[in-house]
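Chain by chain, the residues:
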Amino acid sequence: MADAPAITHDWFTAHIPVWTRLLAPLAGRAGVRALEIGCFEGRATSWLLANVLTGEGSGIDCVDTFEGSDEYASMGVSMAGVRERFEANVAPWRDRVSVHVGRSADVVRRMDGRYDLVYVDASHAAPDVIADAVLAWPLLPAGGVMIFD
C-alpha cells in the first residue's frame with residue numbers, strides 16, 4: 001500500500017483477513033484480472049494491487065461515478081476530492097489500473113473480456129446490486145470469484 005494513503009472512510013480493512021484467505025490462490029499469479037465496481041478512494045483497490053494482483057500482467061478495472069449516491073449523502077460523506085484521493089492512492093500501481101467513469105449499469109454493460117475477480121461495491125440499493133451482479137456474471141469464468149459488499 002502507498003506510504004500515506006489518503007483515506008477518509010475505511011470500510012475495507014475489517015475484510016482483509018477473509019480476503020487474504022479467499023484470494024490466496026490468485027495472489028502473485030500472472031495475468032490475474034480484477035473488476036471493481038465502486039472504488040471510492042481506492043482502499044480495496046490498493047490492497048488488491050499490493051497483495052493479490054502482484055503477478056506479471058495482472059491488473060484491475062475500476063468503475064465509479066466519483067459522484068456518490070444518496071447513501072453517501074445520508075451518512076454525511078462528502079464526495080469532494082474523492083477522485084483525486086483515489087488517483088493518489090493507486091499511483092504506485094498506476095500502470096495496472098484502468099479507470100472507467102460512469103454509472104456501473106452503463107459501464108459494465110460495455111466491458112468485455114474475463115475477470116478472475118469481481119468486487120461489487122457500488123450502490124448498496126438492492127436493485128442496483130442485483131443489476132451489477134447480473135451484468136458482471138458473464139465476465140467471470142468458471143472458478144472466478146465474485147465478492148459483494
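See above for the structure.
Remember, predicted model here, so these are calculated numbers, not experimental data.

Rules of the game
- Residues numbered from 1 in each chain as written.
- Predicted model: local features only at pLDDT ≥ 70, side-chain atom pairs only at ≥ 80, totals over all residues.
- Heavy atoms only, no water.
- Helix = DSSP H or I, 4+ residues; strand = E, 2+ residues; numbered from the N terminus.
- Rg over C-alpha atoms; globule rule 2.2 N^0.38 Å.
- Core = buried A, V, L, I, M, F, W, Y, C linked by side-chain atoms within 4.5 Å.
- Buried < 20%, exposed > 50% of the residue type's maximum accessible area, 1.4 Å probe, protein only.
- Contact = heavy atoms within 4.5 Å.
- Salt bridge = Lys/Arg side-chain N within 4 Å of Asp/Glu carboxyl O.
- Pairing = 2+ DSSP bridges.
- Axes fitted to C-alpha atoms, helices over the stretch in contact; angles between N-to-C directions.
- Phe/Tyr/Trp six-rings, centres within 6.5 Å; stacked < 30°, edge-to-face > 60°.
- Lys NZ or Arg CZ within 6 Å of the ring centre and 35° of its normal.
- Disulfide = S-S within 2.5 Å.

Draft legend 1. Just the overall build of the protein, in detail. Secondary structure assignment for the protein yields six helices and five strands. Listed N to C, the secondary structure of the protein is α-β-α-β-α-α-β-α-β-α-β in terms of helices and strands. Taking 149 residues into account, the globule formula puts the C-alpha radius of gyration at 15 Å, and the protein, at 14 Å, falls close to it. Considered along the principal axes of its C-alpha atoms, the protein spans approximately 40 × 35 × 25 Å.

Draft legend 2. Main features of the nonpolar core. Core analysis: the biggest nonpolar cluster contains 27 residues, and Trp19, Leu23, Trp47, Leu48, Leu53, Ile60 and Leu117 have the highest contact counts within it. Of all the elements in the fold, those that place two or more residues in this core are helix H1 (16-22), helix H2 (43-51), strand S2 (59-64), helix H4 (82-90), strand S4 (117-120) and strand S5 (145-148). Broken down by element, this core gets its largest block of residues, four residues, from H2. Setting aside its immediate chain neighbours within four residues, leucine 48 contacts Trp19, Leu23, Leu53, Ile60 and Leu117.

Draft legend 3. Molecular detail of the pattern of salt bridges. Under the definition given, this model contains seven salt bridges. Of the charged contacts, one joins arginine 83 and glutamate 87 as a salt bridge, the two residues approaching to 2.9 Å between their closest N and O atoms. Pair noted here: arginine 83 and glutamate 87 are both in helix H4, with a separation of four residues, about one helical turn. Looking at glutamate 87, the relative accessible area reads 22%, which means it is partly exposed. Measuring nitrogen to oxygen at the nearest pair gives 3.3 Å for the salt bridge that ties arginine 103 to aspartate 106. Three or more residues joined by partner-sharing salt bridges are found here, namely Arg83, Glu87 and Arg94.

Draft legend 4. Structural detail: the sheet that holds strand S1 (residues 33-37). An order of S3-S2-S1-S4-S5 is seen for the five strands of this open sheet, with the pairing classed as parallel. Two strands in the sheet have a free side with no partner beyond their single neighbour: strand S3 (97-101) and S5. Direction aside, neighbouring strands of the sheet carry axes that sit 15° apart on average. Each of S2 and S3 touches H4; the most contacted strand, S3, lies at about 170° to it.

Draft legend 5. Just the packing of aromatic side chains, in detail. Within the structure shown, the criterion is met by six aromatic pairs. Summarising the aromatic geometry, the rings of tryptophan 11 and phenylalanine 40 are spaced 5.2 Å apart at their centres and angled 45° between planes, so their arrangement reads as tilted. Taken together, the residues tryptophan 11 in the segment before H1 and phenylalanine 40 in the loop between S1 and H2 connect sequence positions 29 residues apart. Centre to centre, the rings of phenylalanine 12 and tryptophan 19 are 4.8 Å apart; their planes meet at 85°, and the pair counts as edge-to-face. Across the pair, exposure class does not vary: phenylalanine 12 and tryptophan 19 are buried alike. Aromatic ring contacts, followed pair by pair, group Phe12, Trp19, Trp47 and Tyr119 into a single cluster. Sitting above the plane of the tyrosine 115 ring, arginine 33 keeps its charged end 4.3 Å from the centroid.

Draft legend 6. Representation of H2 in the model. Within H2, seven of the nine residues are buried, which leaves it mostly tucked inside the rest of the structure. Three or more residues of H2 are buried, namely Arg43, Ala44, Thr45, Ser46, Trp47, Leu48 and Leu49. Considering only its buried residues, H2 is in contact with H1, S1, S2, H4, S3 and S4.

Draft legend 7. Quick look at the state of the cysteines. The final tally for this structure, using the stated rule, is zero disulfides. Note on cysteine 62: no disulfide assigned, nearest cysteine sulfur contributed by cysteine 39 at a separation of 4.7 Å.

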